[in-house]
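The lines below spell out each chain.
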Amino acid sequence: MRHVLFHLAIATVCFFIALSSCTVCANAPDATNPNDLRCDLLIVGGGESGCAAAVQAARMGVGSILLVNDIDWLGGQFSAEALVAIDENTHVSGVRHEQPIPRHGLFKEVIDRIEALNLKKYGVARPGNTRTITTTRPSDAARVFEDLLQPYVESGRLRIVRGAHPVAATMDDAGRALKAVRFKSDKTGKTFNVHAKLTVDASDWGDVIKLAGAEHAFGPDLKSKYNEPEAPASHDDYPVTDMNPITYCMVIVETDRYEPIAKPAHYDPRNYASHKWPKDPLWLYGTRRVIDRYHFKQIDHPDVLLLCFPAFDYPLDNLPQRVVDALEADERGASKKNIVQMSRKQRQIVFDDAKQYSLGFLYYLQTAVHDRMPDKTHSFRRFRLSEEFGTPDRLPFKPYVRESLRLEAMYMMRQQDSLGWRGSSNAFANVMYHDAVAVWQFEYDFHPTKREFLDDGDPAGPWRCVHRPLRDWGAPYTGAATFPMRSLIPVRVDGLLAGQHNLGFSSIVSSAVRLHDQSMAVGQAVGATAAVALNQGVQPRAIPYDVKLLDAVWRGLVKRHGDGGEPGMLWPFRDVDSSHPAYEAIQLLAVRGGLPLGPRDIRFKPNAPATDGWRRRVVELSSAFKRFDDAVHPPAGDMTRGEFAKQWWAVIDDLPDRILPFTDALSSKHDRDGDGIPDRDDALPLNQHASTWAGVPLPANRDGEPDALIGVVKPVLQINFTGKGSPRVAGYINDYGLPFDVKRSRGWSRDLSANHRRRGAIDGAQRDTFLFTRGHDRFEAALPNGRYRVTVCVGDSGHDQPGQRVVAESVVVFKDESTATGEFAEGTADVEVKDGRLTIEIGHRDLGGRKVNTCINWLRVVRAQPSDD
């Protein structure tokens, strides 16, 4: 009941706020009327990104901010979309409940408030006991966002108008600058104008970007556009309507009754029965549980679950016949549009069908799945839909939106930028942008984007959602990555910034930058960018290449503001959170390139000793962005890295800045670094390399390349372990994993021919291919008895491989060897053959159920030299 009363209270207050604002504006429909609303910063959309932008801009001194939201609730994914099991990508680090990047900024503030509210209500800060760390009720999250923004409302810096959506934009005479946005009240039907110096489009579908005529894209990007590794070659099976699907999440509450919901319209059990998800309904029960009273005995509240699952994702590529008919009745050709292009009315037609599909899944769980469950203690039939939204169907106000339009920005982020160095998720991204304003890491995560009709393709029949090749969950994780300011700024239109999911990135990158923490970090960056632009009287496009303006944004983001604001993050170290006393200094040195870092140095190690060599390197790197001479002395004495960073930054903080490289008056404004790549397509426009880590070599024993043999030493045997069809390597015999054969004089203890991979990820056939085992297998090759030196290479150019084991003639070459993606291990052992066969064992005999691969790339055998004895 408290949730319902809270919702009604918000709705009542919001109604009067929106009504009073819109009434004033309704008398002034033209842009010259003095009663139009005016502000410094207009933010369209009250999702998590828009709210973060508003708070950050207010904290950095913007005096007049207007946030216009199309519904009453604030908070987006946290509340109105009901994605209340908050995914923080804990899979990357390999440690349960450890985030790859520490919580920071406004996201941390929101999570801290949610956990404090949980603790007060349930006695447990994290009551879900689920695979995500923090869970919340949607109405509680809405309350948290109201509380977060309220101080700025009370101070007069922020006004909020609710229940209105944009319908038109006013541009300057040249059509290059946005001056005003016209809104329509959903409650009164009347329109009003908002004149703003700067506008942030944080709407769900990029409404202002479209109205302003700013260039944008939607649907899949072909490989020819950005040359991304996972991009499709043509639109043959990748139509422009193909998007990450929407999903109407459901919050359900346990009861003491076994009563299913009413049978939804168009229900057909075949829609769900053909899915492989979930094999075990109890897995679904626990995977996104919000409240677990069975585990936490102190909780006096029924179990609450979030249902958000691929089996009821709603693809947008080709629509069911009933939806096609309704769209075509509204506008001819509407059913062929990408959802971004549709009108609000047309999108609602799609949304209404998606709602029924979600409800159908719950009904399926409560009927067909219930009937099959031998133990019905935790049957979904015991659950009802939560009433906290106050909607007639008890569903959230909005679907979970994973992908919107993509602004054509000053720079479009590409997949290859954000891939980890050498493909590793335990490394920094290939490109660490010079204008970084946020950090992130996730997998390229497409939910099923294709609707497959089950009755011989009949669009009037049942269907299921399936993945398209490349747009699935098989793509790798990114590295620890940054987000560039340039990707917030339109390539042409001034007076406009992008927020929420309307950003300057490819479709592939959009699939990895869409979670709660990422959206809030980007929103905070947008707010800081807007604040500096407004405070300095410049357009945002001036900031990325001006060191003083960029510095103002950075400082505004990492500063701990006086109202308890948490600092944002500019560089994604895993082991330095905002509570560290040197946090600000470390962040500001790192983003400027002032720390000696390699691509795998994702842990700063702030408590490690600051050696003399390390200190000298910090001072040397700092001279590239600060002007100082020998009279400036670094701090002396024993101290940690963190202590040195803090004290050194205090020494150089107020010294004059050097201009950014390639930004002097002689630099081309279209190709500043002169590398032949236009700045708009150059991830590193102030660096003539394609990667931040260009030229960083692997050690010789980790590169997977066989070393050259010295002098008269000749190989006795060289094997390339691979699959059939692989090219031959000079001097090597291809082994395809077949059982031992006397005629071949080599082979395995069993057939491993299916256990081969050729990644196509790097040059060098020997290291790009391998045979593998998840158990224990044995390779033998006929050799005369005698002493030999055996070199073996293990690793995988496409994935991390932990815990590999290789034994040669009872001599352990690798006991528990881990290799990162694109990195290898080469080991050598001196052995003696006594039975006419060299024996190589790979893998583990018993790992207690743990699945570990051993991936063997190549083998080289030479005779041991007499001097080796």
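Residues numbered from 1 in each chain as written. Predicted model: local features only at pLDDT ≥ 70, side-chain atom pairs only at ≥ 80, totals over all residues. Heavy atoms only, no water.

## Focus on the overall build of the chain
Point 1. Looking only at helices and strands, the chain has 18 helices and 31 strands in total.
Point 2. With the C-alpha coordinates of the chain rotated into their principal frame, the extents come out at 100 × 80 × 55 Å.
Point 3. By residue count, 60% of the 869 residues in the chain fall in the buried class.
Point 4. As displayed, the chain offers around 33600 Å² of accessible surface, 50% of which is attributable to carbon and sulfur atoms. (Helix = DSSP H or I, 4+ residues; strand = E, 2+ residues; numbered from the N terminus. Buried < 20%, exposed > 50% of the residue type's maximum accessible area, 1.4 Å probe, protein only. Areas by Shrake-Rupley, 256 points an atom, 1.4 Å probe, with all protein chains shown as cover.)

## Some remarks on the nonpolar core
Point 1. Core analysis: the largest hydrophobic core is formed by 214 residues, its most contacted members being Leu 42, Phe 78, Tyr 314, Val 350 and Leu 488.
Point 2. Sort the elements by how many residues they give to this core and helix α10 (residues 344-372) lands first, with 11 residues.
Point 3. Residue contacts for Leu 42: discarding those within four places in its chain leaves Leu 66, Val 68, Val 181, Phe 183, Val 194, Ala 196, Leu 198, Thr 199 and Val 200.
Point 4. Counting 27 residues, the second largest nonpolar core, distinct from the first, contains Val 813, Ala 825, Ile 840 and Leu 859. (Core = buried A, V, L, I, M, F, W, Y, C linked by side-chain atoms within 4.5 Å. Contact = heavy atoms within 4.5 Å.)

## With respect to helix α3 (residues 105-122)
Point 1. Taking 1.5 Å per residue as the helical rise, α3 with its 18 residues ought to reach 26 Å, and the 26 Å between its terminal C-alpha atoms agrees with that figure.
Point 2. Among all positions in α3, only Gly 105, Leu 106, Phe 107, Glu 109, Val 110, Ile 111, Ile 114, Glu 115, Leu 117, Asn 118 and Tyr 122 are buried.
Point 3. Two residues or fewer past α3, Gly 123 is found with a positive phi of approximately 80°. (Expected span 1.5 Å × (residues − 1).)

## What to know about the pattern of salt bridges
Point 1. Counted by the stated rule, this structure contains 63 salt bridges.
Point 2. The residue Arg 103 makes a salt bridge to Glu 115 at a minimum N-O spacing of 3.4 Å. Pair noted here: Arg 103 is in the loop between β3 (85-86) and α3 and Glu 115 is in helix α3, with a separation of 12 residues, a long-range link.
Point 3. Judged by relative accessible area, Arg 103 falls into the buried class, the value being 11%.
Point 4. The buried category is assigned to Glu 115, whose relative accessible area is 11%.
Point 5. In this structure, Arg 137 and Glu 388 form a salt bridge, with 2.7 Å as the shortest nitrogen-oxygen distance. Remark: Glu 388 occurs in the loop between β13 (383-385) and β14 (406-407) and Arg 137 occurs in the loop between β4 (134-135) and α4 (138-154); sequence separation between them is 251 residues. (Salt bridge = Lys/Arg side-chain N within 4 Å of Asp/Glu carboxyl O.)

## Section: the side chain of Arg 381
Point 1. Along the chain, Arg 381 falls in the loop between α10 and β13.
Point 2. We classify Arg 381 as buried; its relative accessible area is 19%.
Point 3. A polar side-chain atom of Arg 381 sits 2.7 Å from the main-chain carbonyl oxygen of Gln 366.
Point 4. Setting aside chain neighbours within four positions, we find Arg 381 in contact with Arg 257, Tyr 258, Glu 259, Pro 260, Gln 366, Thr 367, His 370 and Asp 371. (Polar contact = N/O pair within 3.5 Å; in protein donor to acceptor, adjacent residues only side chain to side chain.)

## Observations concerning the confidence of the model for the chain
Point 1. When pLDDT is averaged across the chain, the result is 91; 93% of the residues are at 70 or more.
Point 2. Contacts from residues 1-32, a stretch scored under 50 in pLDDT, to residues over four places away or in other chains number 54 contacts. (pLDDT = per-residue confidence, 0-100.)

## Remarks on the sheet that holds strand β25 (residues 776-782)
Point 1. The strand order across the open sheet formed by five strands is β22-β25-β30-β27-β28, and the pairing between neighbours is antiparallel. If you trace the sheet from one side to the other, it starts and ends with β22 (746-748) and β28 (811-819), each paired once. Neighbour-to-neighbour, the strand axes of the sheet open up by a mean angle of 15°, direction not taken into account.
Point 2. Sheet topology places strand β27 (residues 801-808) next to β28; five bridges connect them, and they run antiparallel. Along β28, the bridge assignment pairs Val 806 with Phe 814. (Pairing = 2+ DSSP bridges. Axes fitted to C-alpha atoms, helices over the stretch in contact; angles between N-to-C directions.)

## A short note on the packing of α3 against α4
Any two packed helices are characterised by the angle at which their axes cross and by the distance between the axes.
Point 1. Packing of α3 against α4 leaves a shortest axis separation of 10 Å and a crossing angle of 125°. Classed by the angle they form, the pair α3 and α4 counts as oblique. The handedness of the crossing between α3 and α4 comes out as right-handed. Contacts between α3 and α4 involve Leu 106, Glu 109, Val 110, Arg 113, Ile 114, Leu 117, Lys 121 and Tyr 122 on the former and, on the latter, Asp 140, Arg 143, Val 144, Phe 145, Asp 147 and Leu 148.
Point 2. In terms of residue class, the contact of α3 with α4 is built from eight nonpolar, no polar and six charged. (Parallel < 35°, antiparallel > 145°, perpendicular 65-115°, else oblique. Left-handed = near helix turned anticlockwise from the far one by under 90°. Nonpolar A, V, L, I, M, F, W, Y, C, P; charged D, E, K, R; others polar.)

## Things to note about unusual backbone geometry
Point 1. In the Ramachandran plot, Asn 129 falls in the positive-phi region, its phi being about 50° despite a non-glycine side chain.
Point 2. Residue position: Asn 129 is located in the loop between α3 and β4.
Point 3. In this model, Leu 470 sits at a positive phi of 80°, which is unusual for a non-glycine residue.
Point 4. Relative to the helices and strands, Leu 470 resides in the loop between β17 (463-466) and β18 (481-484).
Point 5. Look at Leu 470 and you get partly exposed, because its relative accessible area is 32%.

## With respect to the environment of Lys 398
Point 1. If you trace the backbone, Lys 398 turns up in the loop between β13 and β14.
Point 2. Judged by relative accessible area, which is 12%, Lys 398 ranks as buried.
Point 3. Remark: the alpha-carbon pair of Lys 398 and Ile 71, spanning 327 residues in sequence, is separated by 9.3 Å.
Point 4. In this structure Lys 398 touches Asp 70, Ile 71, Ala 80, Glu 81, Asp 204 and Tyr 248, once residues within four positions along its chain are discounted.
Point 5. Engagement of the side chain of Lys 398 in a polar contact is seen with the side chain of Asp 204, the distance being 2.7 Å.

## Some remarks on the packing of aromatic side chains
Point 1. By the definition in use, this model includes 35 aromatic pairs.
Point 2. Ring plane angle 50° and centroid distance 6.4 Å describe the contact between Phe 78 and Phe 107, whose orientation is recorded as tilted. Taken together, the residues Phe 78 in the loop between β2 (65-69) and β3 and Phe 107 in helix α3 connect sequence positions 29 residues apart.
Point 3. Overall, the relative accessible area of 0% leaves Phe 78 in the buried class. (Phe/Tyr/Trp six-rings, centres within 6.5 Å; stacked < 30°, edge-to-face > 60°.)

## Examining the sheet that holds β13
Point 1. Taken in spatial order, the four strands line up as β11-β12-β10-β13 in an open sheet, and their pairing is antiparallel. Where the open sheet ends on each side, the last strands, each with one partner, are β11 (289-291) and β13. Each neighbouring strand pair of the sheet contributes to a mean axis angle of 30°, computed without reference to strand direction.
Point 2. Bridge analysis of strand β10 (residues 250-254) against strand β12 (residues 304-307) gives four bridges, and the strand direction is antiparallel. When the bridges of β12 are listed, Met 250 appears paired with Leu 307.
Point 3. Its contacts with the sheet place α10 against β10, β12 and β13, and it is angled at close to 30° to β10.

## A few points about the side chain of Thr 134
Point 1. By secondary structure assignment, the location of Thr 134 is in strand β4.
Point 2. Assessed through its relative accessible area of 0%, Thr 134 is described here as buried.
Point 3. Apart from residues lying up to four places away in sequence, Thr 134 is in contact with Val 84, Ala 85, Ile 86, Glu 88, Arg 103, Ile 111, Ile 114, Glu 115 and Arg 126.

## Let's talk about the pairing of strand β30 (residues 837-843)
Point 1. Most of β30 sits out of view: six of its seven residues are buried.
Point 2. Bridge analysis of β25 against β30 gives seven bridges, and the strand direction is antiparallel. Bridge pairing in β30 places Glu 780 opposite Thr 839.
Point 3. When β27 meets β30, the two strands line up antiparallel, connected through three bridges. Bridge pairing in β30 links Val 807 to Glu 841.

## Concerning the environment of Gly 75
Point 1. Mapped onto the secondary structure, Gly 75 falls in the loop between β2 and β3.
Point 2. Distance from Gly 75 to Thr 287, taken between C-alpha atoms, is 23 Å for residues 212 residues apart in sequence.
Point 3. Residues in contact with Gly 75, not counting those within four places in the same chain, are Gly 46, Gly 47, Glu 48, Cys 51 and Phe 145.

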